[in-house]
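Descriptive structure summary
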Amino acid sequence: MEKYFIYTYGCQMNVHETEKLAGILEDRGYMQASTPTDADVIVFNTCCIRESAEQKIIGNIGSIKPLKKAKKDLIVAVCGCMAQQKDMVDTLRKKFPFINIVFGANNIEFFGEYLDAYKSQKKFLNKVEQDKDYIENISGVSCVRDNSLYAYVNIMYGCNNFCTYCIVPYVRGREKSRTPESIYAEVKTLIKLGYKVITLLGQNVNSYGLDGNTNGVNFAKLLDNIAKFDGDFELRFMTSHPKDLSDEVIDVLASNPKISKTLHLPVQAGSNKILKEMNRSYTREKYLDLISRIREKIPEITLSTDIIVGFPGESDADYLETVDLIETVRYHNAFIFMYSKRKGTIAEKMENQVPLSIKRERIHKLLDIQHHISEELFNKMVGSTIRVLVDEECENEYTAKAQCGKVAKIKKTEPLSVGEFYNIKITDYKKGNLIGTITND
Ligand code: 5AD
Ligand code: SF4
């Protein structure tokens, strides 16, 4: 039996698209290899959000060279966002002439056909199409899911926002919503199969339906309808652009027990000047007002965010406004990045690029501040009762996940079932994990 190995980089969207690539390969009789050395097909499902991601991928593609030398029939394919960039196919081919197939982020569903074509013709295939939006054909694409409890469901593709630092709208095209019917059918199947946590995915889920593809169903309605499905499951979603998170969505979140009380709400920066330059379409005050409105209706909400430090023109004073914002909001978790210049974006050409040494200094300080806030918030949870999904049985304990994604450890005092939700009373917070005991409170 022939085997495949897929390298996956980047966001949840890519992780999920890898599950589809695996589905396509398994439909063709391939099985998963445990290492690239054992594989007959190696796929690089790439990301280009920051330069560091690209450098890592380039390094990893380079490391395949000896394998290809040793196994002449090995097929090497590169797909995803990095491949989709302008001129990238030429660059990749020059650097790595052994690559056999390149296809874009919006052509994943056709991988099987590309593979068949390459096998019969043995000729390099370039299937990257610029300016192509996603064509939904998901019902025909099998999916080998990575996990039997947690499942991702794409509800839309692409992005219309053009934040000035971001390459996503260039490589993933314009927003395209899936029909509610096809989403409902997929979610219902997943619930029947025993999946317990369903995460709806999109670059900006709040603009679901704004493209007119959904018969008037907006994100709030979609969420509300899915949250009312029968079955014991939890519903999550990401990512929400703060400018589009409506009161209607907040109300749906507040009133449906099946929706996780956790929100990822990327702020990116705390200074109005930088937010404007980033084209984020909200001010610091509007963002903080949104947070207050959410907390008023859902006091138990846990919040997380994304932050970029060192965006062009970010002064010390601007940076301190970001520090102040994270100290004001107090997120449970923050993903903090150094600004990375992306080819073709508006910010690439901005003057006043911030030197790497300053970006480094800012990120280290901010990570430290955030670490202290996270520690304080998780320590404060000690004594409270939360609902968790038990997802693994170990020798002396069970591991579980809280709604915010935090790992919880439960001492084995009574038998629990993997794949069931339990209430636990948190007794401690140690080494980044919540520690708890089962409670009927
Ligand atoms: N540089 C640094 N971080 C970036 N992000 C997007 N583009 C860039 C860039 N050019 C971050 C944003 C986004 C997250 C997914 O990645 O914070 O929310
Ligand atoms: Fe990029 Fe902004 Fe779109 Fe998010 S909303 S994918 S940061 S352009």
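Everything below is about the structure printed above this text.
Right, let's walk through the structure included here. Keep in mind that what you see is a predicted model, and the values were worked out from it rather than measured.

This next bit is on the nonpolar core. Counting 70 residues, the largest nonpolar core has Ile198, Leu200, Phe219, Leu222 and Ile226 as its most contacted members. Top contributing element to this core by residue count: helix α9 (residues 219–227), with six residues. Residues within four places of Leu200 in sequence aside, it is in contact with Val153, Ile155, Val205, Phe219, Leu222, Leu223, Ile226, Leu235, Arg236, Phe237 and Met238. Counting 30 residues, the second largest nonpolar core, distinct from the first, contains Ala33, Ala39, Ile42 and Val102.

Take the pattern of salt bridges next. This model, assessed by the stated rule, comprises 29 salt bridges. Between Glu397 and Lys409 there is a salt bridge, with the nearest N and O atoms lying 3.4 Å from each other. Taken as a pair, Glu397 in strand β16 (residues 397–402) and Lys409 in strand β17 (residues 407–411) lie far apart in primary sequence, twelve residues in all. Glu397 gets classed as partly exposed once you look at its relative accessible area, which sits at 26%. For Lys430, the salt bridge goes to Asp428, with nearest N and O atoms at 3.9 Å. Note on Asp428: relative accessible area 28%, which makes it partly exposed.

In the vicinity of ligand 1, the contacting residues are Ile49, Arg50, Tyr165, Gln268, Asp306, Ile308, Phe337, Met338, Tyr339, Ser340 and Arg342. Take Tyr165: an N or O atom from its main chain is 3.0 Å from a nitrogen atom of ligand 1. Within the contact set of ligand 1, an oxygen atom lies 2.6 Å away from a side-chain nitrogen or oxygen of Gln268. Considering ligand 1 on its own, with 410 Å² of exposed area, one finds that the protein chains cover 86% of that surface. Listing elements by their share of the shell around ligand 1, those giving two or more residues are β13 (302–309) and β14 (333–338). Classifying every residue of the shell around ligand 1 gives six nonpolar, two polar and three charged.

About the thresholds
- Residues numbered from 1 in each chain as written.
- Chains lettered and ligands numbered in written order.
- Predicted model: local features only at pLDDT ≥ 70, side-chain atom pairs only at ≥ 80, totals over all residues.
- Heavy atoms only, no water.
- Core = buried A, V, L, I, M, F, W, Y, C linked by side-chain atoms within 4.5 Å.
- Buried < 20%, exposed > 50% of the residue type's maximum accessible area, 1.4 Å probe, protein only.
- Helix = DSSP H or I, 4+ residues; strand = E, 2+ residues; numbered from the N terminus.
- Contact = heavy atoms within 4.5 Å.
- Salt bridge = Lys/Arg side-chain N within 4 Å of Asp/Glu carboxyl O.
- Near = heavy atom within 4 Å.
- Polar contact = N/O pair within 3.5 Å; in protein donor to acceptor, adjacent residues only side chain to side chain.
- Areas by Shrake-Rupley, 256 points an atom, 1.4 Å probe, with all protein chains shown as cover.
- Nonpolar A, V, L, I, M, F, W, Y, C, P; charged D, E, K, R; others polar.

The values reported here are purely geometric and, on their own, carry no functional implication.
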